[in-house]
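Structural overview
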Amino acid sequence: MTEPHFQGPYPPAQQQAHYPPQAYGQVSSPPGNALQPYSAWPSNAPAVYPPAPAPQWPARPAFQLVSAGGRLGAFLVDALLIVVTFGIGWLIWAMITWCNGQTPGRQLLGHVVADANTGEAFGWGRMFLREFLIKGLLFWIPNAVTFGIFGLVDSLMVFRSDGRTLHDMTAGSIVRHT
């Protein structure tokens with residue numbers, strides 16, 4: 001007797017268990033209707049899980065931000081006061097109003113510079129940091145190097161959805177109504 005001869009690297013397939021055809025979506029049981037070693041659903045599990053409670057976020061303070069036009073108006077009032085008082089009167093007035101988070105122009109228009117997270121008005125130290133160190137000294141260099149383009153970009157950022165400019169983001173401030 002001779003053994004069957006086959007071509008290729010693998011021997012011919014052995015006879016496999018035949019599963020009956022089933023309709024789409026139906027689950028068939030193994031041959032012989034054998035029981036599964038586990039139950040389909042744990043007996044102590046709830047049928048429906050309750051929804052998770054919604055996260056409780058801290059309430060944001062109620063304040064209204066100053067529009068881009070309002071901020072432009074405050075800038076123009078400050079510029080006019082600087083020109084009219086030769087800068088000296090504006091500087092003295094600014095030293096007084098900075099303790100309330102305002103410049104002279106913002107004080108006249110009812111605006112206040114406040115913390116972006118809490119809405120609390122800036123004190124004298126944070127206003128000095130924002131107005132003199134950030135806007136005056138730190139932003140003056142890139143503004144001079146770019147021939148005013150940096151200042152223009154900083155000013156145009158007031159049209160963002162949150163109304164914050166580069167110097168606002170650097171100082172962590174917003175401008176709101178009093």
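Scope of this entry: the structure provided in the associated data block. Worth saying up front: this structure is predicted, and the values here are computed from it rather than measured. (Residues numbered from 1 in each chain as written. Predicted model: local features only at pLDDT ≥ 70, side-chain atom pairs only at ≥ 80, totals over all residues. Heavy atoms only, no water.)

So, on to the overall build of the protein chain. Scanning the protein chain from N- to C-terminus turns up 7 helices and 2 strands. Listing the helices and strands of the protein chain from first to last along the sequence gives α-α-α-β-α-α-α-α-β. Evaluated residue by residue, the protein chain yields a buried proportion of 25% over its 178 residues. Taking as baseline every contact in the protein chain between residues at least 6 positions apart, the subset at least 24 positions apart corresponds to 64%. On the protein chain, roughly 13400 Å² of surface is accessible, and the fraction owed to carbon and sulfur atoms is 67%. (Helix = DSSP H or I, 4+ residues; strand = E, 2+ residues; numbered from the N terminus. Buried < 20%, exposed > 50% of the residue type's maximum accessible area, 1.4 Å probe, protein only. Contact = heavy atoms within 4.5 Å. Areas by Shrake-Rupley, 256 points an atom, 1.4 Å probe, with all protein chains shown as cover.)

Once that is clear, we can look at the packing of aromatic side chains. Enumeration over the complete set of coordinates arrives at 5 aromatic pairs. Taking 6.1 Å as the distance between ring centres and 65° as the angle between the ring planes, the aromatic pair formed by W98 and F128 counts as edge-to-face. Taken together, the residues span a long stretch of sequence, with W98 in the loop between α2 (88-97) and α3 (104-109) and F128 in helix α4 (residues 124-138) at a distance of 30 residues. The partly exposed category is assigned to F128, whose relative accessible area is 27%. Through a chain of ring-to-ring contacts, three or more aromatic side chains come together here, namely W98, W124, F128 and F132. (Phe/Tyr/Trp six-rings, centres within 6.5 Å; stacked < 30°, edge-to-face > 60°.)

Counting buried positions along strand β1 (residues 111-115) gives 5 out of 5 residues, so the element sits mostly inside the fold. In terms of strand pairing, β1 meets strand β2 (residues 173-177) through 5 bridges, oriented antiparallel. For A114, the partnering residue across the bridge sits in β2 and is I174. (Pairing = 2+ DSSP bridges.)

Right, let's get into the environment of A121. Among the structural elements, A121 can be located in the loop between β1 and α4. In the structure, A121 is positioned 57 residues away from T178 in sequence and 9.0 Å away in space, judged by C-alpha atoms. Not counting chain neighbours up to four residues away, the residues in contact with A121 comprise N100, V112, V113, A114 and R176.

On to the environment of M95. Its location among the elements puts M95 in helix α2. Separated by 29 residues in sequence, M95 and W124 place their C-alpha atoms 8.0 Å apart.

This part covers the side chain of R164. Turning to its location among the elements, R164 is positioned in the loop between α6 (149-156) and α7 (166-171). Although R164 is buried, it makes no salt bridge; D162 carries the closest opposite charge, 4.6 Å away. In this structure the side chain of R164 is engaged in a polar contact, spanning 3.1 Å, whose partner is the backbone oxygen of S173. For R164, the residues in contact, after removing those within four places along its chain, are A116, M157, M169, G172, S173 and I174. (Lys, Arg positive; Asp, Glu negative; His and termini not counted. Salt bridge = Lys/Arg side-chain N within 4 Å of Asp/Glu carboxyl O. Polar contact = N/O pair within 3.5 Å; in protein donor to acceptor, adjacent residues only side chain to side chain.)

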